[in-house]
Amino acid sequence: MAKRRKRGKPNDLKKIIHDRTSHDLPRNAEVSPVEVDDPYEDGSKIVVLRSTRNDPLADMKSKGQIDDCDYVAGRHWEAAYEKAEIGGIRAIDPSREMVDGGGLPELLTDIQRDAVKDLKAAREALGREGDALICDVLGRGMSIAQAAYVRGMSSETDRKYIGKRFRECLSTLALRFGYANREADPASD
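What comes next is a walk through the structure. Think of each chain on its own: its residues are numbered from 1, step by step along the sequence as written. With pLDDT at 70 or above as the cut-off, local features in this predicted model cover only qualifying residues; side-chain atom pairs require 80 or more to be listed or tallied, and sums for whole chains, interfaces and linings still use all residues. Excluded from the side-chain calculations are hydrogens and water; all other atoms, namely the structure's heavy atoms, are used.

## Looking at the overall build of the protein chain
The helix count covers DSSP runs of H or I at least four residues long, the strand count covers runs of E at least two residues long, and both are numbered beginning at the N terminus. The helix and strand inventory of the protein chain stands at five helices and two strands. For the protein chain, the sequential pattern of α-helices and β-strands runs β-β-α-α-α-α-α. A buried classification covers 24% of the 189 residues belonging to the protein chain. The criterion used for residue contact is that any of the two residues' heavy atoms lie within 4.5 Å. In the protein chain, 49% of the contacts between residues at least 6 apart in sequence involve partners at least 24 apart. Carbon together with sulfur atoms contributes 50% to the accessible area of the protein chain, which is approximately 15,100 Å² in total. When a residue's accessible area, from a 1.4 Å probe over protein chains only, is under 20% of the maximum for its type it is buried; when over 50% it is exposed; and in between it is partly exposed. Per-residue and other accessible areas were derived by the Shrake-Rupley procedure at a 1.4 Å probe size, with only the shown protein chains allowed to occlude residues.

This is how it looks when you write it as structure tokens:
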């Protein structure tokens, strides 16, 4: 009689150690390390590389140039900018059967109205130049260097000034949207 082979215990994936580190990146990669929850182990964290190439907010946050309040305020502005765009309106299709009571859709939804209110409040808080800078960088996807160049500023000092002005605008947005409190004035003590 043939001897029966013993089977081992099934693999427990939580006990197996995997090296998930990426050792090869694309040539022009712009990444920063970010700590996230480990999907394989409850309660533990892993460090992953996040692309920051076309994301000025994530890039500035990873370099420590802005804090969490400024980052969240910038994301709030981006969300309002995207929601305020009118793109959901469809043209009337003459090939489809007409339906009674099927009037035109509402031009602006409540979400779009709220987004427009947020953008208007941001515009009032930032002023004309600050709003234009935020629109260029966060809305149109320009880098700080491109935003400086568009304004006729091409030196390193000019680029640093535009970067500082952009960070000031983010701090203003953080105050306006309620993500930060106004700092106490040392002269008022």
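Next comes the rest of the account.
## Considerations on helix 2 (residues 68-84)
Every α-helix winds through 3.6 residues per turn, so residues three or four apart in the chain are directed the same way. Helices are assigned an expected span. That span is 1.5 Å times one less than the residue count. If you check helix 2, its first and last C-alpha atoms are 24 Å apart, about what 17 residues at 1.5 Å a residue would give, namely 24 Å. Turning to helix 2, its buried residues number three or more, namely Asp70, Tyr71, Ala73, Gly74, Trp77, Glu78, Ala80 and Ala84. Buried residues in helix 2 make contact with strand 2 (45-51), helix 1 (56-62), helix 3 (110-139) and helix 5 (156-177).

## Here we look at the environment of Ile134
Structurally, the position occupied by Ile134 is in helix 3. In this structure, the C-alpha to C-alpha distance between Ile134 and Arg123, residues eleven residues apart in sequence, is 9.5 Å. Setting aside residues up to four positions removed in sequence, Ile134 forms contacts with Trp77, Leu126, Gly139, Phe166, Cys169, Leu170 and Leu173.

## Digging into the pattern of salt bridges
By convention in these notes, a salt bridge is any Lys or Arg side-chain nitrogen within 4 Å of a carboxyl oxygen on Asp or Glu. On inspection of all chains with the given rule, the structure shows 13 salt bridges. Across the pair Arg128 and Glu129 runs a salt bridge, and its minimum N-O distance is 3.9 Å. Looking at Arg128, the relative accessible area reads 71%, which means it is exposed. You can call Glu129 partly exposed: its relative accessible area is 47%. Here Glu156 and Arg159 are joined by a salt bridge, their closest N and O atoms 2.5 Å apart. Note that Glu156 and Arg159 are positioned in helix 5 at a spacing of three residues, about one turn of the helix. Using a relative accessible area of 31% as the deciding quantity, one classes Arg159 as partly exposed. Through salt bridges that share partners, Arg50, Asp55, Arg75 and Glu78 make up one connected network.

## Overview of the nonpolar core
Working definition of a nonpolar core: buried Ala, Val, Leu, Ile, Met, Phe, Trp, Tyr and Cys residues. They are joined through side-chain atoms within 4.5 Å. Core analysis: the largest hydrophobic core is formed by 28 residues, its most contacted members being Trp77, Ile134, Leu138, Phe166, Leu170 and Leu173. Of all the elements in the fold, those that place two or more residues in this core are helix 1, helix 2, helix 3, helix 4 (144-150) and helix 5. Beyond its immediate chain neighbours, meaning those up to four positions away, Leu138 contacts Pro56, Leu57, Gly74, Trp77, Glu78, Phe166 and Leu170.

## Focus on the packing of helix 2 against helix 5
Under this scheme, a helix contributes an axis fitted over its contacting stretch, all axes are lines through C-alpha atoms, and angles between N-to-C directions fall in the 0 to 180 degree range. Packing of helix 2 against helix 5 brings their axes to within 8 Å, and their N-to-C directions diverge by 80°. As far as their axial angle goes, helix 5 and helix 2 are roughly perpendicular. Where helix 2 approaches helix 5, its residues Cys69, Asp70, Ala73, Gly74, His76 and Trp77 are matched on the opposing element by Leu170, Ser171, Leu173, Ala174 and Phe177. Residue composition of the contact of helix 2 with helix 5, by class: seven nonpolar, three polar and one charged. These descriptions rest on fixed angle ranges, namely under 35 degrees for roughly parallel, over 145 for roughly antiparallel, 65 to 115 for roughly perpendicular, and the rest for oblique. Following the grouping adopted for this structure description, the nonpolar residues are Ala, Val, Leu, Ile, Met, Phe, Trp, Tyr, Cys and Pro, the charged ones are Asp, Glu, Lys and Arg, and the polar ones are all others, Gly among them.

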